Amino acid sequence: MAQSLRGWNAIVTGAGKGIGKAIAEHLAKEGVNLGLVARTESDLRQVADSIRTAYGVSVYTSAADIADRASIESAIAQLKDQLGSVDVLINNAGTAKFGSVLDMPVEEWERIIQVNLLGTYYATRAILPHMVERNRGHIVNISSTAGEKGNATTSAYSASKFGLLGFTESLMYEVRKHNIRVMAILPSTVNTELARNVGLKLGDEDHQMQPEDVAELVIDSLRLPNRVLLKSATLIMTNPQ
Ligand code: NDP
């Protein structure tokens, strides 16, 4: 039987908008208390206020750049103290820019790896000792279909998301003996600011994947009995326009 998440505590990175915000809302709806991370404080405040009002769970926020190790380590430590314990880490914060290898400035290429790959590693490493000590934990990493298939102009983004899958699978094998489930979700294009900013084609609401669709899959993966884990799941559109 699917397990209840009520009373669990979760940290969600990139929770100020888009997919992270939808995951935070869906977790709160299940009765999960939250620690939210993004760089923009006003976004975090807004999301936290509306979730507290709608679902009555505890919500704490900490503004941090996941690409900055000291910044994300101190955010995770603060949120862990406020929540008391952490059952779930959702590594969702990410960035995208497309361009050819020669056209994209080196600093931009490096930044994509720094945020999507190293940022996820920093956040995970900051909470892992706590999960190992508790002999319990759930880590969900948001990769992308660009993490299983390269394309012209996506070298930096694809390298970061392929890398994230390698990290996820290796960590999963490393820590499952501690009852820690590490999972990867790979959505194709989702209707968010990130997709609009990089010029991805978006269809109408009946056809285009929405942030809440990804959130539903994340909740379903967490509700699976603890004796199993969803290693990775690719979410694509049924009938794209
Ligand atoms: P959005 O741009 O809509 O939201 C991204 C969120 O992450 C924002 O809250 C942003 O806040 C935060 N964020 C970005 N960079 C950092 C950082 N360095 N440190 C902390 N927080 C950060 O993106 P999406 O919701 O579309 O994307 C979420 C994840 O899903 C990403 O990992 C993305 O790669 C992945 N994905 C997206 C797809 C899509 O088509 N939209 C498809 C497949 C995967 P702030 O800027 O204030 O920090």
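All chains use their own residue numbering, which begins from 1 and follows the written sequence. For this predicted model, a pLDDT threshold of at least 70 governs which residues receive local features, and a threshold of 80 or more governs which side-chain atom pairs are given and counted, while totals over whole chains, interfaces and linings are taken from all residues. Excluding hydrogens and water, the side-chain values take into account all heavy atoms of the structure.

### Regarding the nonpolar core
For this analysis, a nonpolar core means a set of buried residues of the types Ala, Val, Leu, Ile, Met, Phe, Trp, Tyr and Cys, connected via side-chain atoms within 4.5 Å. In this scheme, a residue with accessible area under 20% of its type's maximum is buried, one over 50% is exposed, and one in between is partly exposed, where area comes from a 1.4 Å probe on protein chains only. Core analysis: the largest hydrophobic core is formed by 37 residues, its most contacted members being L27, L34 and L36. Among the secondary structure elements, those contributing two or more residues to this core are β1 (9-13), α1 (18-29), β2 (33-38), α2 (41-55), β4 (88-91), β5 (137-142), β6 (180-187) and α7 (211-223). Note on contacts: a residue pair qualifies if any of its non-hydrogen atoms lie within 4.5 Å across the two residues. Not counting chain neighbours up to four residues away, the residues in contact with L36 comprise V12, A15, A24, L44, V47, A48, V59, Y60, T61, S62 and L79. Ranked by size, the runner-up nonpolar core spans 27 residues in total, among them V37, I72, I76 and L128. Note on conventions: DSSP H or I runs of at least 4 residues are helices, E runs of at least 2 residues are strands, and numbering of each starts at the N terminus.

### Focus: the pattern of salt bridges
One side-chain nitrogen of Lys or Arg within 4 Å of one carboxyl oxygen of Asp or Glu is enough to make a salt bridge. If you walk through the whole model with that rule in mind, you get ten salt bridges. Linking D49 and R52 is a salt bridge whose minimum nitrogen-to-oxygen distance equals 3.0 Å. On the criterion of helical spacing, the pair formed by D49 and R52 is a turn pair, its members being three residues apart in helix α2. Overall, D49 belongs to the partly exposed group, its relative accessible area being 43%. Residues joined in a network through salt bridges with shared partners are D87, R134 and R136.

### Some remarks on the site of the ligand
As a structural note, the neighbourhood of the ligand is formed by 29 residues, with R39, T40, Y157, V190 and T192 the closest of them. Take I19: an N or O atom from its main chain is 2.8 Å from an oxygen atom of the ligand. With respect to the ligand, the side chain of R39 contributes an N or O atom lying 2.7 Å from an oxygen atom. Alone, the ligand offers 880 Å² of accessible surface; in the complex the protein occludes 95% of this. Whether a residue is near a molecule or strand depends on its heavy atoms: if one lies within 4 Å, it is near. Side-chain atoms alone can form a polar contact between residues adjacent in sequence; in general such a contact is a pair of N or O atoms within 3.5 Å, and within protein one must be able to donate a hydrogen while the other accepts it. In short, Shrake-Rupley with a 1.4 Å probe defines the accessible areas, and a residue's cover is counted only from the protein chains shown.

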